[in-house]
Amino acid sequence: MSRKAVLEVRELETTFFSDSGKVAAVDRISFSIHEGEILAIVGESGCGKSVTSLSIMGLVPSPPGKITNGSILLNGKDISKFSDKQMRKIRGNEIAMIFQEPMTSLNPLFTIGNQLIEAVRIHHPKWSKKESTARAIEIMKLVGLPRAEQLINDYPHQLSGGMRQRVMIAMALVCNPKVLIADEPTTALDVTIQAQILKLMRDLNERLNTAVLLITHDLGVVAETCERVIVMYAGQIVEEAPVNEIFKNPQHPYTKGLIQSVPDMRYKKDTLYSIPGNVPKPGSILEGCRFAARCEYAFERCLTSNPPLYDASGAHRARCFLLDMEEGGISHVESAAES
Amino acid sequence: MSKVLLKVDHLKKYFPIRQGMFARHVGDVKAVDDVSFELYEGETLGIVGESGCGKSTTGRAIMRLHEPTEGKVLFDGIELTDLNNEQMRKVRRDIQMVFQDPYASLNPRHTVEKILEEPLIVHGIGNAKERKNKVREYLEIVGLSSYHAKRYPHQFSGGQRQRIGIARALMTNPKLIIADEPVSALDVSIQAQVLNLMQRLQDDLKLTYIFIAHDLGVVRHISDRVGVMYLGRLVEIAESELLYHEPLHPYTQALLSAVPVPDPVFEREQLLLKGDIPSPSNPPTGCTFHTRCPHAMEKCKQVIPMLQQVKSGHSVACHLYEAPQ
Ligand SMILES: Nc1ncnc2c1ncn2[C@@H]1O[C@H](COP(=O)(O)OP(=O)(O)OP(=O)(O)O)[C@@H](O)[C@H]1O
Ligand SMILES: Nc1ncnc2c1ncn2[C@@H]1O[C@H](COP(=O)(O)OP(=O)(O)OP(=O)(O)O)[C@@H](O)[C@H]1O
Ligand code: SF4
Ligand code: SF4
Ligand SMILES: [Mg+2]
Ligand SMILES: [Mg+2]
């Protein structure tokens, strides 16, 4: 069954301008999400995941940021060209976002109730205060917030980190969006509530066919919730594959390193594996593969040209010369690992 | 046996709930309700538990960022609850906290350099040049670069901000670090770097950690002992390996079974908890877990179970493990 793409990002480039020059935090990335699909984005801290989602939402802080190339199609319409007014209509309606840091998007001066009821009212302008309040309390209970009736009178600073995160989630769910972007939605939550929230997102996804873009660094969550995974590194997509493939058969050396670094609850190791070195300073690598300085497989070609995305198999692609058949294809990886 | 660095004794923190025009006191949120534990020098105590169960408040009450409602905190032989503000300020050089919400805890109007230098200035450490050098050194230690020093917090990604928070806590060479979700926003590779770093610093500088986190894999990796909290109380505390191999408290068992495993084909048996999370302003009688516990008995509704050692290195607060009278 081929599903319809609800959101298509094409050659998106988002640049930050400063006195010391400009940096493309997101460097020409393309991907799409289909109706009813849950797509994960993982990648190194600072690689551009949040900027990608802010670009889709039309919320890149400007200045210093700006979308400098590409298009973002929501059901075929290019929303990257929309005016602020048009975007406001879409946000929290067709497309909603759960932000990484709840305090950046909750207003400290208003009570939780105020903010949630406001969100309900945008969606149901005809509802009475009483109806809106009832709906707000209902959603708060849905995301597992205890004592909802009391909490609506509290200010954000009176809530624990995880409770704030759940208020954010509640706010995004008020409107039954077609696309839900969730940026690290469960980082502040314990595993039992995390399980509950992920189930809620899956329900929404199944019931309303909502497409979910889930940004997370928890590979356990990825394994259990997503169908497809995108791996980003230094502003680019370096690998894209169905979830089983990523874990069983990762192709890009960065992805391999990531999977090796996970502390698995089932075993204990003395020191955790970590990929050697640090992410390059954005904009500092002008030629060659951006991962080359940290890659144990790097060879000459990696230092001079930037690898394109190669097909590994079916829906599996990776940005690495080791996949280039002229370099010996996949077998090259094995021989490099042995030497 | 190493010495006890911190002793928390029957600590309580209640937040008053006020209502109406005259802000009448109508009840309390019992965020931390009678918590006691000891922390040995050089060890890492992990603290886990449901969101909202009082982990951050425990950390803040120890540092007196929230004034404890009741109880005592003994740090390095000093009774913290007796100190005046000036004395407390001095002690904070030795106890640092990495805050859970990096965005809210970093002053948006200060550059990273200023943020990191501030604790040094407050405690009169080093001259201007030494301080600048130390800032750069610590930025690199947490995997950032010296070119980041002149930037403002909003110019960083979530995980980068979290590392600034860690660097700030390390600046004064403290004895105890209370790290509240210090790696939750980091991707696994940087997370591994930061955890390895924290362990290395611990060995080199004899640091002691309280490590609050939701990621049970991370907690297992870094902790010598782990405490489990539920609704303001410590319900189980044990050496890390004991806790993970044989969790005793029914809540701990449910918690461990809910951990997602990074393996899409692995099928785990999940004990899903039923029932609503009770309110800390009106906690259930007896064992506060009885409303959701699959093993609850009549006694559990009436009698609060006390934390008791059931075997060497393993204590639990649950009637199932009480010796028959
Ligand atoms: N307002 C800004 N001004 C300048 N640079 C910025 C700004 N916001 C983000 N950046 C830079 O853009 C890059 C990408 O940031 P982004 O927040 O997308 O990372 P991320 O992948 O979400 O990381 P994390 O996992 O840590 O949240 C980073 O190098 C960051 O420093
Ligand atoms: N300043 C405050 N005023 C009133 N209530 C508060 C305040 N700070 C925390 N609380 C309440 O105390 C309880 C415990 O909060 P705390 O932040 O300690 O939880 P936590 O265990 O750290 O949770 P999380 O894992 O979500 O961070 C919550 O019910 C919270 O609403
Ligand atoms: S292209 Fe070269 S440097 Fe880049 S990931 Fe592949 S082998 Fe490593
Ligand atoms: S005391 Fe009773 S209710 Fe509480 S955890 Fe033990 S068995 Fe369950
Ligand atoms: Mg981010
Ligand atoms: Mg907390």
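Residues numbered from 1 in each chain as written. Chains lettered and ligands numbered in written order. Predicted model: local features only at pLDDT ≥ 70, side-chain atom pairs only at ≥ 80, totals over all residues. Heavy atoms only, no water.

1. What to know about the interface of chain B and chain A
Part 1 of the reasoning: On the side of chain A, 58 residues touch chain B, which itself brings 64 residues to the contact.
Part 2 of the reasoning: Overall, the association of chain B and chain A removes approximately 4,800 Å² of surface from exposure, summing both partners, and the carbon and sulfur fraction of that is 58%.
Part 3 of the reasoning: It is B:Val188, B:Pro262 and B:Pro264 in chain B that bury the most area against chain A; as a group they hold 13% of the surface buried on that side.
Part 4 of the reasoning: At the boundary of chain B and chain A, one finds zero salt bridges.
Part 5 of the reasoning: The interface formed by chain B and chain A contains twelve residue pairs in polar contact (both at pLDDT 80 or more).
Part 6 of the reasoning: Breaking the side of chain B that touches chain A down by element, the ones donating at least two residues are helix H3 (102-105), helix H6 (158-170), helix H7 (188-205), helix H8 (216-222), helix H9 (240-245) and helix H10 (250-257) of chain B. (Contact = heavy atoms within 4.5 Å. Buried area = accessible area lost by both parts, 1.4 Å probe. Salt bridge = Lys/Arg side-chain N within 4 Å of Asp/Glu carboxyl O. Polar contact = N/O pair within 3.5 Å; in protein donor to acceptor, adjacent residues only side chain to side chain. Helix = DSSP H or I, 4+ residues; strand = E, 2+ residues; numbered from the N terminus.)

2. Some details on the site of ligand 1
Part 1 of the reasoning: Lining the immediate surroundings of ligand 1 are 21 residues, of which A:Ser45, A:Gly46, A:Ser50, B:Ser157 and B:Gly159 lie closest.
Part 2 of the reasoning: Around ligand 1, the nearby residues trace back to chains A and B.
Part 3 of the reasoning: One nitrogen or oxygen atom from the main chain of B:Gly159 is found 2.7 Å from an oxygen atom belonging to ligand 1.
Part 4 of the reasoning: In the environment of ligand 1, an oxygen atom lies 3.3 Å from a nitrogen or oxygen atom belonging to the side chain of B:Gln160. (Near = heavy atom within 4 Å.)

3. Quick notes on the UniProt feature "domain: ABC transporter" (unreviewed entry) in chain B
Part 1 of the reasoning: UniProt tags residues 6-256 of chain B as "domain: ABC transporter" (unreviewed entry).
Part 2 of the reasoning: For residues 6-256 of chain B, the end-to-end C-alpha separation is 27 Å, with 38% helix and 29% strand making up the annotated structure. (UniProt positions renumbered as here; feature names shortened; annotations may be inferred.)

4. Regarding the domain arrangement of chain B
All names here are of chain B.
Part 1 of the reasoning: When the domains of chain B are assigned, the result is domain 1 (4-94 + 176-187 + 203-277) and domain 2 (103-173).
Part 2 of the reasoning: Just the C-alpha atoms count here: the centres of domain 1 and domain 2 sit 26 Å apart.
Part 3 of the reasoning: Taken together, the twelve residues of domain 1 in the interface contact eleven residues of domain 2.
Part 4 of the reasoning: Counting the surface domain 1 buries against domain 2, the share from its top three residues, Arg89, Arg93 and Leu186, is 52%.
Part 5 of the reasoning: Joining domain 1 to domain 2, the criterion identifies zero salt bridges.
Part 6 of the reasoning: If you look at where domain 1 meets domain 2, you find four residue pairs in polar contact (both at pLDDT 80 or more). (Domains from an automatic or database assignment.)

5. A short note on the coordination of the magnesium ion (ligand 6)
Part 1 of the reasoning: The coordination sphere of the magnesium ion (ligand 6) contains the protein donors B:Ser56 (OG) and B:Gln100 (OE1), at a distance range of 2.0 to 2.2 Å. With B:Ser56 in helix H1 (residues 55-62) and B:Gln100 in the loop between strand S6 (95-98) and H3, this residue pair connects regions lying 44 residues apart in the sequence. (Donors = N, O, S within 2.8 Å, 3.2 Å for Na, K, Ca; no water.)

6. Thoughts on the nonpolar core
In globular proteins that are soluble, nonpolar side chains generally tend to be buried together.
Part 1 of the reasoning: With 74 residues, the main nonpolar core has A:Met140, A:Val143, A:Leu180, A:Val222, A:Val229, A:Val231 and A:Tyr254 as its most contacted residues.
Part 2 of the reasoning: At seven residues, helix H7 (residues 161-173) of chain A tops the list of elements feeding residues into this core.
Part 3 of the reasoning: If near-sequence neighbours (up to four positions away) are discounted, A:Val222 is found in contact with A:Ala40, A:Val42, A:Thr216, A:Val229, A:Val243 and A:Phe247.
Part 4 of the reasoning: Judged by nonpolar contacts, the second largest core, of 61 residues, contains B:Leu201, B:Ala213, B:Tyr251 and B:Cys300. (Core = buried A, V, L, I, M, F, W, Y, C linked by side-chain atoms within 4.5 Å. Buried < 20%, exposed > 50% of the residue type's maximum accessible area, 1.4 Å probe, protein only.)

7. Focus: the sheet that holds strand S6 (residues 95-98) of chain A
Residues and elements named next belong to chain A.
Part 1 of the reasoning: Strand order in the open sheet formed by eight strands is S6-S7-S8-S3-S9-S10-S12-S11, with mixed pairing between adjacent strands. Every interior strand has two partners, whereas the edge strands, S6 and strand S11 (310-313), have only one. Across this sheet, the average inter-strand angle for adjacent strands is 20°, counted without regard to direction.
Part 2 of the reasoning: Note: S6 against strand S7 (residues 179-183), four bridges, orientation parallel. Residue pairing across strands places Ile98 opposite Ala182, the latter belonging to S7.
Part 3 of the reasoning: Across the sheet, helix H1 (residues 49-57) is in contact with strand S3 (38-43), S6, S7, strand S8 (211-215) and strand S9 (228-233); its angle to S6 comes to roughly 150°.
Part 4 of the reasoning: Sheet strands touched by H7: S6 and S7. Its angle to S6, the strand with the most contacts, is close to 175°. (Pairing = 2+ DSSP bridges. Axes fitted to C-alpha atoms, helices over the stretch in contact; angles between N-to-C directions.)

8. What about unusual backbone geometry?
Part 1 of the reasoning: Note that the residue after A:Ser62, namely A:Pro63, is joined by a cis bond; omega there is -15°.
Part 2 of the reasoning: Within the secondary structure layout, A:Pro63 lies in the loop between H1 and strand S4 (65-74).
Part 3 of the reasoning: For the bond running from A:Pro63 to A:Pro64, omega is 10°, close enough to zero to count as cis.
Part 4 of the reasoning: Locating A:Pro64 in the fold gives a position in the loop between H1 and S4.
Part 5 of the reasoning: Of note, B:Lys206 is a non-glycine position whose phi angle comes to about 60°, a positive value.
Part 6 of the reasoning: Examined against the element boundaries, B:Lys206 turns out to sit in the loop between H7 and strand S8 (208-212).
Part 7 of the reasoning: The exposure class assigned to B:Lys206 is exposed, which follows from its relative accessible area of 54%.

9. Thoughts on the site of ligand 4
Part 1 of the reasoning: Around ligand 4 sit 13 residues, and of these B:Cys287, B:Cys293, B:Cys300, B:Cys318 and B:His319 come closest.
Part 2 of the reasoning: Residue classes in the shell around ligand 4 are distributed as nine nonpolar, four polar and no charged. (Nonpolar A, V, L, I, M, F, W, Y, C, P; charged D, E, K, R; others polar.)

10. Considering the pairing of S7(A)
On a regular strand, one side chain projects to one face of the sheet and the next to the other, so that they alternate.
Part 1 of the reasoning: The element S7(A) is largely enclosed, with a buried count of five among its five residues.
Part 2 of the reasoning: Side-chain alternation along S7(A) places A:Val179, A:Ile181 and A:Asp183 on one buried face and A:Leu180 and A:Ala182 on a second face that is also buried.

11. Things to note about the sheet that holds strand S12 (residues 314-316) of chain B
Residues and elements named next belong to chain B.
Part 1 of the reasoning: Strand order in this open sheet of eight strands is S6-S7-S8-S3-S9-S10-S12-S11, and the pairing throughout is mixed. Two strands bound the open sheet, and with one partner strand each, they are S6 and strand S11 (308-311). The average undirected angle you get between the axes of adjacent strands in this sheet is 20°.
Part 2 of the reasoning: Where S6 lies against strand S7 (residues 176-180), four bridges are found, and the strand directions are parallel. By the bridge assignment for S7, Gln96 is matched with Ile177.

12. With respect to the UniProt feature "domain: ABC transporter" (unreviewed entry) in chain A
Part 1 of the reasoning: Listed under "domain: ABC transporter" (unreviewed entry) in the UniProt record, and renumbered for this structure, are residues 9-259 of chain A.
Part 2 of the reasoning: The straight-line gap between the two end C-alpha atoms of residues 9-259 of chain A is 26 Å; of that span, 40% is helix and 27% is strand.

13. Considering the pairing of S8(B)
Residues and elements named next belong to chain B.
Part 1 of the reasoning: Burial analysis of S8 places five of its five residues in the buried class, the great majority of the element.
Part 2 of the reasoning: Neither face of S8 is open: one carries Thr208, Ile210 and Ile212, the other Tyr209 and Phe211, and all of them are buried.
Part 3 of the reasoning: Here strand S3 (residues 44-49) pairs with S8 via four bridges, running parallel. Directly across from Leu45, in S8, lies its bridge partner Ile210.
Part 4 of the reasoning: Here S7 runs beside S8; their pairing, made up of five bridges, is parallel.

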